[in-house]
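Structural overview for review
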Amino acid sequence: MEGKSDMIATWLKKHSLIYTGATRHPFILDIRDGSIDLSSFKRWLAQDYIFVRAFVPFVASILLKAWKESDDSSDMDLILSGMAALNDEIAWFKSEASKWGVALHSVVPHKANLDYCRFLESLMSPDIEYTVAITAFWAIEAVYQESFAHCLEDGSRTPEELKETCQRWGNTGFGQYCRSLRNIANRHLEKASDHMLSKAEVILIRVLEHEVEFWNMSRGEI
Ligand SMILES: Cc1ncc(CNC=O)c(N)n1
């Protein structure tokens, strides 16, 4: 029987199929091999801007839970740094969109995006414990980190004009940030009840499913 000290590792092994589905999605593989269709990339850019705007209040809700529920004040520092990065990210989306001729104010959110944003909103409820919310937060960030880092590995043929996007989430600093989030999640999961653990596990799987749907939508499949 495995211990509870690295629940995330246990769950990633158990759910490796869906995790790989989210982090090695055809949308990402298309960027990595250079065959990405630019209309897909623009669709992703516009939809992700909408998602990130909904992600900010989600992260704010986690900051509030960390303040109320965490025994370690450094949790708040990391979450706050994540919020600050989102401020830069929103500015980046605006400048990237104007570079590609994408009009962000007239973007209509697709169903997969609306569903994902609604799911985020459900996680903002005070009824959702900090342990569950921080696990979801880590998973959302980790999928982007693992996906875009893959596009920058040796042997990838990512088009030059998409490298900056991949760097945004694939850089080593963002990798370290995700490891810190994972450590926080693991520390809280270690002392969680079995009931709380099963709630966190279900939410983790939901995140991965939403991420797959989001990539599918970006590829124009729905
Ligand atoms: C759909 C989705 N998932 C994760 C991220 C990464 N977090 C913040 O940027 C993102 N931008 N979009």
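What counts, and at which threshold
- Residues numbered from 1 in each chain as written.
- Predicted model: local features only at pLDDT ≥ 70, side-chain atom pairs only at ≥ 80, totals over all residues.
- Heavy atoms only, no water.
- 1 Å grid on protein atoms, 1.4 Å probe; cavity = no way out; pocket = protein on both sides within 12 Å on 5 of 7 lines; lining within 4 Å.
- Points joined across faces, edges and corners; volume = space filled by probe spheres on them.
- Helix = DSSP H or I, 4+ residues; strand = E, 2+ residues; numbered from the N terminus.
- Nonpolar A, V, L, I, M, F, W, Y, C, P; charged D, E, K, R; others polar.
- pLDDT = per-residue confidence, 0-100.
- Near = heavy atom within 4 Å.
- Polar contact = N/O pair within 3.5 Å; in protein donor to acceptor, adjacent residues only side chain to side chain.
- Areas by Shrake-Rupley, 256 points an atom, 1.4 Å probe, with all protein chains shown as cover.
- Sits in = over half its atoms within 2 Å of the grid points.

**Quick notes on the layout of surface pockets**
Each pocket or cavity is described by its volume, and for the largest pocket that value is around 160 Å³. Around the largest pocket sit S81, G82, A85, L86, E89, E141, R168, W169, N171, F174 and Y177, which together line it. By residue number, the principal contributor to the lining of the largest pocket is helix 5 (residues 74-100), which donates 5 residues. Looking at side-chain class alone, the lining of the largest pocket contains 5 nonpolar, 3 polar and 3 charged residues.

**Topic: the confidence of the model for the protein**
Residues at a pLDDT of 70 or more form 98% of the protein, whose mean pLDDT is 96. Scoring the predicted complex yields pTM 0.97 and, for the interface, ipTM 0.99.

**As for the site of the ligand**
Around the ligand sit D48, F51, V52, F55, E89, Y116, I140, E141, Y144, W169, E211 and F214, and those are all the residues in its vicinity. Side-chain polar atom of W169 to an oxygen atom of the ligand: 3.2 Å apart, as the coordinates give it. E211 places a side-chain nitrogen or oxygen 2.7 Å from a nitrogen atom of the ligand. Protein chains bury 100% of the 310 Å² of accessible surface belonging to the ligand in isolation. In a pocket analysis with a 2 Å cut-off to the grid points, the ligand is assigned to the largest cavity.

**Concerning empty space enclosed by the protein**
Scanning all chains against the criterion turns up 1 cavity of 30 Å³ or more. Empty space within the largest cavity amounts to approximately 100 Å³. Along the walls of the largest cavity sit D48, F51, V52, F55, E89, Y116, I140, E141, Y144, W169, E211 and F214, which together make up its complete lining. Sorting elements by how many residues they give to the lining of the largest cavity places helix 4 (residues 38-69) first, with 4 residues.

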